[in-house]
Amino acid sequence: GQDADISLLADNGWASFEAAVQRDDVALAVVDSLGGVVAREHDPDVKLFVQQCAQLARDTNKPIVIIHHPRKQQVFEVDDEMTLDRVRGFSGIVQFARTIWTIEAPDKTDPDHKRLRVLKSNLSEKPRAIGFHITDAGLAFGAAPVRPEDESKLEEAIKLLRELLPPGKRKTANACTSAA
C-alpha cells in the first residue's frame, strides 16, 4: 500500500519497493504500469528494471506483476491476437519476464467475452486459456472464446442455399446440353 509517487528507477525508490515486497504481510506486488516507471519503453533502464523485478520475485518467492500495454496493431497482423512481438518497447521487457499473460477479445461479434492466456512461460507448460466476462456482479468465468474461422466462398454459398431453399428433396433440371 504505497501511496506516494516514487521513481522505481531511482535508488531510494527501488529500495522502498524492495523493502515493501520483502514485508511478511505482502503476498503480491503489482506495478501499474510499466509506462509509469519509465518514460520510454525503449530505454535500457527497462531491461534493468524488469531484471531486478525477476530477481526480487525469485529471492522473496513472491510474484511481481508488471502491467504493460501492447503496441498498436500492424496492417497484416491478426485482429486481437497478441504475440510477444506486440509487446511495446525494448526486448528486455519480455526477456526477463518468467511468465507473460495477455487479455484478448478474439471474437469481434462478442467483444465483452475476454480470453486470458499465457504467451510465455519459463516456469511450466502453458495452461489452457480462461474465458471470462466482466459483469456488474463481478467476473463470470467460462470457456475461452476463439476467433471465428473465415468461411471459404464455397462454405458461404452452401450456407446461403440452405437458408434460401426449404428443406426436403427437389426435382432437378439438367442444365447441361450436349452438342451432338
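Use the structure listed above.
Read on for a plain summary of the structure. (Residues numbered from 1 in each chain as written. Predicted model: local features only at pLDDT ≥ 70, side-chain atom pairs only at ≥ 80, totals over all residues. Heavy atoms only, no water.)

Attention shifts here to the overall build of the chain. Secondary structure assignment for the chain yields five helices and six strands. Across the chain, helices and strands are ordered from the amino to the carboxyl terminus as α-β-α-α-β-α-β-β-β-β-α. Counting across all 180 residues of the chain, residues that qualify as buried make up 26%. Here the contacts in the chain between residues at least 6 apart in sequence split such that 47% fall between residues at least 24 apart. (Helix = DSSP H or I, 4+ residues; strand = E, 2+ residues; numbered from the N terminus. Buried < 20%, exposed > 50% of the residue type's maximum accessible area, 1.4 Å probe, protein only. Contact = heavy atoms within 4.5 Å.)

So, on to the sheet that holds strand β6 (residues 138-142). As summarised here, the arrangement of the four strands in space is β3-β4-β5-β6, forming an open sheet in which the pairing is antiparallel. With partners counted over all chains shown, the strands left at the sheet margins are β3 (99-104) and β6, one partner each. Neighbouring strand axes in the sheet, compared pairwise and without regard to direction, differ in orientation by 30° on average. The pairing of strand β4 (residues 113-121) with strand β5 (residues 130-135) spans four bridges and is antiparallel. Within β5, the residue paired with Leu 116 across the bridge is Ile 130. (Pairing = 2+ DSSP bridges. Axes fitted to C-alpha atoms, helices over the stretch in contact; angles between N-to-C directions.)

Let's shift gears to helix α1 (residues 11-22). The α-helix winds at 3.6 residues per turn, so residues separated by three or four positions along the chain end up facing the same way. Here α1 spans 16 Å end to end across 12 residues, near enough to the 16 Å set by a 1.5 Å rise per residue. Taken together, the buried positions of α1 are occupied by Gly 13, Trp 14, Phe 17 and Val 21. The buried side chains of α1 occupy one side of the element, clustering within an arc of 95° when seen end-on. Facing away from the buried side of α1 by over 90 degrees, the exposed positions are Asp 11 and Asn 12. Where α1 is buried, its residues meet β1 (29-32), α3 (44-60) and β2 (64-67). (Expected span 1.5 Å × (residues − 1). Arc of directions from axis to C-beta.)

Attention shifts here to the packing of α1 against α3. Direction vectors running N to C along α1 and α3 enclose 25°, while the axes themselves pass 10 Å from each other. Considered as vectors, α1 and α3 are oriented roughly parallel to each other. Crossing of α1 against α3: the hand is right-handed. Residues Trp 14, Phe 17, Glu 18, Val 21 and Gln 22 of α1 touch α3, and the partners they reach there are Phe 49, Gln 52, Cys 53, Leu 56 and Thr 60. (Parallel < 35°, antiparallel > 145°, perpendicular 65-115°, else oblique. Left-handed = near helix turned anticlockwise from the far one by under 90°.)

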